[in-house]
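Residue-level listing of the chains:
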Amino acid sequence: MSGVNLNKVVKSYGDLEIIHGIDLEVHDGEFLVLVGPSGCGKSTLLRMIAGLEEITDGTISIGDRIVNDVPAAQRNLSMVFQSYALYPHMTVRKNLAFGLGNLKMPKAEIAKRVAEAAKILQIEELLERKPRQLSGGQKQRVAIGRSIVREPELFLFDEPLSNLDAELRVQMRVELAGLYQRLGTTMIYVTHDQIEAMTLATRIVVLQAGRVEQVGTPFNLYNYPQNKFVATFIGSPKMNMIEGKVNNKGLDLPDFGQISLPATAPKSGAIHFGIRPEQFTIVKSGSAEGDATSTGEITLIEYLGSELFLYITLPSGHIVLVQASSQTQYKTGEQLTLSLTAKNAHYFGEDDLRIPLYDEKK
Amino acid sequence: MTDLSIQEASDIARSYRIIRDKRKRRATITKHLFLAICSLVMVYPLIWMIVSSVKPDNEIFGNISLWPSEFIWQNYPDGWEGLFLSFTVFYKNSIIVTVLAVIGNTLSCSFAAYAFARLEFKGKNIFFALMMMTLMIPYHVVLIPQYLLFLKIGWVNTFLPLIVPRFLAGDAFFIFLMVQFFRQLPRDLDEAAMIDGCSPFKIYWAVILPLSLPALATTAIFTFIWTWEDFLGPLIYLNDIRDYTVPLALRNFISQDSVSMFGQLFAMSILSIVPIFIFFIFFQKFIIRGIATSGLK
Ligand SMILES: Nc1ncnc2c1ncn2[C@@H]1O[C@H](COP(=O)(O)OP(=O)(O)O)[C@@H](O)[C@H]1O
Ligand SMILES: [Mg+2]
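## Details of the domain arrangement of chain A
Residues and elements named next belong to chain A. You can read the domains of chain A as domain 1 (4-233) and domain 2 (240-348). Carbon and sulfur atoms make up 61% of the surface buried where domain 1 meets domain 2, a total of about 630 Å² over both sides. Summed over the shared surface of domain 1 and domain 2, the number is 0 salt bridges. In this structure, the connection of domain 1 to domain 2 is made through 2 residue pairs in polar contact (both at pLDDT 80 or more). Listing elements by their share of the side of domain 1 that touches domain 2, those giving two or more residues are helix 7 (218-223) and helix 8 (228-233). Along the lines of polarity and charge, the residues of the side of domain 1 that touches domain 2 split into 4 nonpolar, 4 polar and 1 charged.

Below is the structure:
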């Protein structure tokens, strides 16, 4: 086992710089998830760690060893590809054993490791099949099996679940979490799915356009997003963003009106006021609580069984997303009063960075 | 609208079905007839040759009828021993040259193709363009310089000029064919193999080649056919009748003396096709199986 250290890592293709100097410390035994929108450079970064892509500038070390010039095979890591990349002409058993054979490992040891991995992943009956005779989920297991037989110091995953259907994805996610607990090896996992990121990660790295936006535990990212991008990227459905003006009494929000701010708040300019759908309260018959209220019309209802989301059009035309109790009946067109509490909200300045107004009190 | 009884409705449906079936059958018959005539035109020379191989010599060019007045099967054994040397020798020569050419061409072209498709090296694009340009040079242009070269090395009158170039990836057509094939294999496989500890050669050998059976079989089949049938190459480089390949030997039936043995010539010509036929049948299975088992399609 070992950690990974990225120091000012840059990647360019020709004149085009894709990764802009990333510093990152992956702790030993950690499950680190790289998350970000499509095309932000997640795969490129992972492939640089794997040794499949040259590092234009900066250094990457695994353990205490700088690996910039170490070939992929000697980095003692394994990788699971989005396409699984199983060798189509080999049986599952051969697929698992192939890498070990290249290490000139004794036959008996190979057989033992293959049997063990097959048992962990419950693919024992599939060992004599060819990949084309497997379902998507089974291929996925074999791909994971191929990476665990090598007992590497570091596991890399590039969107391993994105080719599976929703149900299997949830199941494999649980199994991956179980595998991580069992092995305790350092894992770096790339995904664009923030639910995968939240559920699996010890820490999450949010990337955008080749830069790190924030690194932190899922709890930290959700509750203390450091900028507007992270705030809207993490959390599903998205955080509502309302743009308010600072005046001498506090913050003036459209629809909701005036709320007061603590003394540490800026004295002028605009503030992006972020509030998650579950942080609104629906006000019933006058008993207003919270710091500000507004009344709007329900334009769309999304009923998910355990949860219910309402799209509410406020008088200014803004639409906010509100989570409500799924046990209450709502109708589109109905008028609804929302209230919000200032200390539950997130505040971002004109530079999109977080203004930590209430962070200590929470 | 009047309601039809079930009986009436099914009667009408049946009559329509019968008409449709009849029309379909007529179309099928026309189509097959047309195709049969076309294939007859195509195989006529072959049929003519087969028939001529068992005709008496005077009937071959003198008689319109395809059917021989008598079957002279003796043309086969006589033809086999009909020349100064037995055809056993010529077949042996042809097999040596062809088998080595097939092995050489398939290996060396796939090797070169792998480099073009997967490796990075300086001047790759220039080399590729140069290779493609050789496609445009007719064989006859390089014939004399090549002959002089082999003469200088002292390889004339041996099989070497027919075999060694095949091991040097000289056939741009097959290299191009395989480059195209390799390019459509997913790169993830190479990368997975790289992480699994494969050298570039091992990736070629253990991953790329086994997945390229269709391209390899195509190369093998065409190399086999073209080498087996090759007349010009052996004609230029082989002077001793003991080194003759089958096509070269066949010519001797005509030029040997004033009386040509056409019956025997055709008998041996028929036999000379047999290896091609067998090879093709055997390897075309690989083309199909390769596509089916690689699981890529
Ligand atoms: N070989 C390449 N040449 C040029 N640009 C590339 C290459 N590979 C990736 N890119 C670009 O790099 C960016 C990041 O790609 P990638 O790391 O695959 O993103 P993702 O976060 O979706 O995995 C993309 O904009 C992509 O177009
Ligand atoms: Mg990607």
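Here the narrative resumes.
## Details of the sheet that holds strand 7 (residues 154-158) of chain A
Residue and element names in this part refer to chain A. Taken in spatial order, the 6 strands line up as 6-7-8-3-9-10 in an open sheet, and their pairing is mixed. Two strands bound the open sheet, and with one partner strand each, they are strand 6 (77-80) and strand 10 (211-216). When the angles between neighbouring strand axes are averaged without regard to direction, this sheet yields 15°. For strand 7 and strand 8 (residues 186-191), the ladder comprises 5 bridges, and the chain directions are parallel. Within strand 8, the position partnered with F157 by the bridge is Y189. Its contacts with the sheet put helix 4 (residues 136-148) on strand 6 and strand 7, and the angle it makes with strand 6 is roughly 175°.

## A few points about the pairing of strand 2 (residues 16-26) of chain A
Residues and elements named next belong to chain A. Note: strand 1 (residues 4-13) against strand 2, 8 bridges, orientation antiparallel. From the neighbouring strand, N5 faces strand 2, where its bridge partner is E25. Here strand 1 folds back onto strand 2, and the loop between the two strands holds 2 residues, one of which, G14, carries a positive phi near 60°.

## Quick word on empty space enclosed by the protein
Under the defined criterion, the tally for this structure stands at 3 cavities of 30 Å³ or more. Its boundaries defined by the atoms lining it, the largest cavity holds a volume of some 70 Å³. As for the largest cavity, its lining consists of S78(A), M79(A), F81(A), R146(A), S147(A), R150(A), A192(B), I195(B) and D196(B). Breaking the lining of the largest cavity down by element, the ones donating at least two residues are strand 6 and helix 4 of chain A together with helix 9 (187-195) of chain B. Class assignment for the residues of the lining of the largest cavity results in 4 nonpolar, 2 polar and 3 charged.

## Description of a positive patch on the surface
Taken together, the side chains of K22(B), R23(B), R25(B) and R26(B) make up a positively charged region of the molecular surface. Summarising the element assignment, K22(B) is placed in helix 1 (residues 6-52).

## A closer look at the domain arrangement of chain B
All names here are of chain B. Domains assigned within chain B are domain 1 (6-75) and domain 2 (76-294). Each of domain 1 and domain 2 has a C-alpha centre, and these two points are 36 Å apart. Facing the 13 residues of domain 1 at the interface are 14 residues of domain 2. Buried surface at the junction of domain 1 and domain 2, both sides included, amounts to about 1100 Å², of which 69% is carbon and sulfur. Among the residues of domain 1 in contact with domain 2, M49, Q74 and N75 are the three that bury the most area, contributing 46% of the side total. Across the contact surface, domain 1 and domain 2 share 0 salt bridges. One can count 3 residue pairs in polar contact (both at pLDDT 80 or more) joining domain 1 with domain 2. In terms of residues, the side of domain 1 that touches domain 2 owes the most to one element, helix 1, which gives 5 residues. For the side of domain 1 that touches domain 2, a count of residues per class yields 8 nonpolar, 4 polar and 1 charged.

## A few points about the site of ligand 1
Residue and element names in this part refer to chain A. Close to ligand 1 lie Y13, I18, S38, G39, C40, G41, K42, S43 and T44, which account for all nearby residues. In the model, a nitrogen atom of ligand 1 is placed 3.4 Å from a nitrogen or oxygen of the Y13 side chain. In this structure, an oxygen atom belonging to ligand 1 sits 3.0 Å away from a main-chain N or O atom of G41. Here ligand 1 loses 57% of its free accessible area of 560 Å² to cover by the protein chains. Per element, the largest residue contribution to the shell around ligand 1 is 3 residues, and it comes from helix 1 (residues 42-50). When the residues that make up the shell around ligand 1 are grouped by side-chain class, the tally is 3 nonpolar, 5 polar and 1 charged.

## Structural notes on the layout of surface pockets
Within this model, the largest pocket holds a volume of roughly 1000 Å³. Within the residue set of the lining of the largest pocket, elements represented by two or more residues are helix 4 (87-118), helix 6 (139-153), helix 7 (160-163), helix 8 (172-183), helix 11 (213-229) and helix 12 (232-237) of chain B. Here the element with the most residues in the lining of the largest pocket is helix 6 of chain B; it accounts for 5 residues. For the lining of the largest pocket, a count of residues per class yields 21 nonpolar, 9 polar and 3 charged. Size it by volume and the second largest pocket reaches roughly 490 Å³. Along the wall of the second largest pocket there are 17 residues; nearest its centre are G51(A), L52(A), E53(A), E54(A) and I55(A). Taken together, the residues of the lining of the second largest pocket sort by class into 9 nonpolar, 3 polar and 5 charged.

## A look at a nonpolar patch on the surface
Residue and element names in this part refer to chain B. Residues L40, M42, V43, L46, I50, I273, V274, F277, I278, F280 and I281 make up a contiguous nonpolar surface patch of about 1000 Å² in total accessible area. Those elements that place two or more of their residues in the nonpolar patch are helix 1 and helix 14 (262-293). Looking at which element gives the most residues to the nonpolar patch, the answer is helix 14, with 6 residues. Structurally, I278 is set in helix 14.

## Side note on the pattern of salt bridges
Counted by the stated rule, this structure contains 14 salt bridges over all chains. In this structure, the salt-bridge partner of E53(A) is R47(A), at a minimum N-O distance of 2.9 Å. We note a salt bridge from E120(B) to K124(B), for which the minimum N-O separation is 3.7 Å. For E120(B), a relative accessible area of 67% gives the class exposed. Taking relative accessible area as the criterion, K124(B) reaches 14% and is therefore assigned buried. Taken together, the salt bridges that share partners define one network made up of E109(A), K112(A), R113(A) and E151(A).

How each quantity is defined
Residues numbered from 1 in each chain as written. Chains lettered and ligands numbered in written order. Predicted model: local features only at pLDDT ≥ 70, side-chain atom pairs only at ≥ 80, totals over all residues. Heavy atoms only, no water. Domains from an automatic or database assignment. Buried area = accessible area lost by both parts, 1.4 Å probe. Salt bridge = Lys/Arg side-chain N within 4 Å of Asp/Glu carboxyl O. Polar contact = N/O pair within 3.5 Å; in protein donor to acceptor, adjacent residues only side chain to side chain. Helix = DSSP H or I, 4+ residues; strand = E, 2+ residues; numbered from the N terminus. Nonpolar A, V, L, I, M, F, W, Y, C, P; charged D, E, K, R; others polar. Pairing = 2+ DSSP bridges. Axes fitted to C-alpha atoms, helices over the stretch in contact; angles between N-to-C directions. Contact = heavy atoms within 4.5 Å. 1 Å grid on protein atoms, 1.4 Å probe; cavity = no way out; pocket = protein on both sides within 12 Å on 5 of 7 lines; lining within 4 Å. Points joined across faces, edges and corners; volume = space filled by probe spheres on them. Patch = residues over 30% accessible without salt bridge, like charges linked within 9 Å, V, L, I, M, F, W, Y side chains within 5 Å. Areas by Shrake-Rupley, 256 points an atom, 1.4 Å probe, with all protein chains shown as cover. Lys, Arg positive; Asp, Glu negative; His and termini not counted. Charge placed at Lys NZ, Arg CZ, Asp CG, Glu CD. Near = heavy atom within 4 Å. Buried < 20%, exposed > 50% of the residue type's maximum accessible area, 1.4 Å probe, protein only.

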